[in-house]
Number of protein chains: 2
Amino acid sequence: MEREHLSRQYDAELREIREKLLEMGGKVEVMINDALKALVERDSVLADRVIAFDHEINRLEMLIDEKCLAVLALRQPAARDLRFITLALKIVTDLERIGDQCRNIGKRGKELNEEPVLKPYIDLPRMAHWAGVMVKEALDAFVQGDAELALKVCRDDDFVDNLNEQIQRELLTFMIEDASAISRSLKINFISKCLERIAAHATNVAEMVIFMVKGKDIRHTVV
Amino acid sequence: MEREHLSRQYDAELREIREKLLEMGGKVEVMINDALKALVERDSVLADRVIAFDHEINRLEMLIDEKCLAVLALRQPAARDLRFITLALKIVTDLERIGDQCRNIGKRGKELNEEPVLKPYIDLPRMAHWAGVMVKEALDAFVQGDAELALKVCRDDDFVDNLNEQIQRELLTFMIEDASAISRSLKINFISKCLERIAAHATNVAEMVIFMVKGKDIRHTVV
């Protein structure tokens, strides 16, 4: 009876870590979309909200870290559960840094909102959309132990990388043609790189998931 | 007797994780310095060596991860040891990504070596030097549980950030004055940001060390 009680409690603790991670992922996704919306719609109030929201992401990181440590200390998880917990510890770090990138986009977006529009934003929102999808799918892959979905995330990363390179080439042309466009181009360039980094974090998560599921480390081999 | 044997073996395992981490950190430090040397001395052969060496860093990451998982699974460490192992798991990820940044510097350096020199490199080697010191001190702080040293690393990060901003301002002037300097300026800009990211990784490690030592999370408060 006592043992059954403990086991139910243990399951509940694992479930809570899983749920908190999904909650954190969902909030990070909203941040990505809001950071871009603030840029495209020149809404600096929304940008400020994104910047302030980073605190909530940091709070969740610390909370999940603590919960993982508690389970490791008190429950001595083995095999699959152990792998799940240690990966959760690594994944929250990636999620937290995605939050940092969103904050960076918000800050730079506010600066851009003060200046005339250089050109309509077309590729950046597409990048943001894909980066958000990658974050969501990487986390889904993690909680469902779905290696196929994780592989898809790794493949999608090339698409975001290509968009980033395309944006950078385009901005280079702008800068060469018109010196007055350089400062704004550099800021857009920075935002593009933030989105590329967000996709890279999602890819890191996905690679770790494949490792968890297949017990095979593809992090450093070609996907 | 049996218990004593097990305990000696456990100590040896912890020591090995510590030593492997320091080995990985030492190798990453050499990479940072070599990546910059390849740029300053226009030595593309050395740049290629830096790029190839990333494999060794990736190998060490996987090795340390496995050792940490094995200790968690078989030894059920508690308290201080548990915190040490879970941090080691997070820290190798930072070290591995520093290796990625060095590889990026190597690649971009090779491209710059093909073009005429834009200007002598003065601040970039200084940034690289400081970033390397920060990585070393963050790891020393970790293995010695030295919160003071970790705090120093966090403070040094401002210095590297300032150098990065100074470089970016300077490059902006170059670009505005001379369109033919834009492409090279962007590459130097990229390298400067890589170094800034390396310092940021060292700072992340240092913040986690302070948390480990003081049991207080300063990751998301002002240092």
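Just above, that's the structure.
Residues numbered from 1 in each chain as written. Chains lettered and ligands numbered in written order. Predicted model: local features only at pLDDT ≥ 70, side-chain atom pairs only at ≥ 80, totals over all residues.

A. View of the overall build of chain A. Check the secondary structure of chain A and you find six helices and zero strands. Overall, chain A shows an N-to-C arrangement of helices and strands of α-α-α-α-α-α. Structurally, chain A occupies a C-alpha span of about 75 × 40 × 20 Å along its principal axes. Each of the 223 residues in chain A was classed as buried or not, and the buried ones make up 43%. (Helix = DSSP H or I, 4+ residues; strand = E, 2+ residues; numbered from the N terminus. Buried ≥ 20, exposed ≤ 12 C-beta atoms within 10 Å, placed from the backbone.)

B. Representation of the interface of chain B and chain A within the structure. At the junction of the two partners, chain B supplies 21 residues and chain A supplies 21 residues. Within the side of chain B that touches chain A, the residues separate by chemical class into 13 nonpolar, six polar and two charged. (Contact = placed C-beta atoms within 7 Å. Nonpolar A, V, L, I, M, F, W, Y, C, P; charged D, E, K, R; others polar.)

C. Here's a closer look at the relation of the copies chain B and chain A. Turning chain B through 180° and shifting it by 0.0 Å along the axis lays it on chain A, with an RMSD of 0.0 Å. Expressed as a symmetry operation, the mapping of one chain copy onto the other fits a two-fold axis. Most of the interface of chain B is mirrored in chain A: 100% of its interface residues are interface residues there too. (Least-squares fit on C-alpha atoms with pLDDT ≥ 70 in both.)

D. Quick peek at helix H2 (residues 44–75) of chain B. Look at H2 of chain B: 47 Å from first C-alpha to last across 32 residues, which is about the 46 Å you get at 1.5 Å a residue. Count one or two residues on from H2 of chain B and you reach Gln76 of chain B, which has phi positive near 40°. (Expected span 1.5 Å × (residues − 1).)

E. Region of interest: the environment of Lys20 of chain A. All names here are of chain A. By secondary structure assignment, the location of Lys20 is in helix H1 (residues 2–40). Given 18 C-beta atoms within 10 Å, Lys20 falls into the partly exposed group. As for Lys20 and Lys67, which are separated by 47 residues in sequence, their C-alpha atoms are 9.8 Å apart. Contacts of Lys20, omitting those with residues within four sequence positions, involve Leu60, Leu63, Ile64 and Lys67.

F. A look at unusual backbone geometry. Residues and elements named next belong to chain A. For Arg42, which is not glycine, the phi dihedral falls at a positive 50°. Tracing the backbone shows Arg42 in the loop between H1 and helix H2 (44–75). Even without glycine at this site, Ala79 takes up a positive phi of about 45°. In this fold, Ala79 is placed in helix H3 (residues 79–113). Among the residues examined, Ala79 registers 8 C-beta atoms within 10 Å and is labelled exposed.

G. Focus on the packing of helix H6 (residues 182–214) of chain A against helix H5 (residues 147–177) of chain B. It is at 10 Å that the axes of H6 of chain A and H5 of chain B come closest, and there the two elements cross at 130°. One element, H6 of chain A, and the other, H5 of chain B, form an angle in the oblique class. As for the relative orientation of H6 of chain A and H5 of chain B, their crossing is right-handed in sense. Contact residues: Ile182, Ser183 and Leu186 of chain A in H6 of chain A; Leu172, Met175 and Ile176 of chain B in H5 of chain B. Per-class residue counts for the contact of H6 of chain A with H5 of chain B are five nonpolar, one polar and no charged. (Axes fitted to C-alpha atoms, helices over the stretch in contact; angles between N-to-C directions. Parallel < 35°, antiparallel > 145°, perpendicular 65-115°, else oblique. Left-handed = near helix turned anticlockwise from the far one by under 90°.)

H. Broad picture of the environment of Val92 of chain B. On the secondary structure map, Val92 of chain B appears in helix H3 (residues 79–113). Discounting chain neighbours no more than four positions away, the residues touching Val92 of chain B are Leu21, Met24, Glu61, Ile64 and Asp65 of chain B.

Everything listed here is a matter of coordinates, which is why it stays silent on function.
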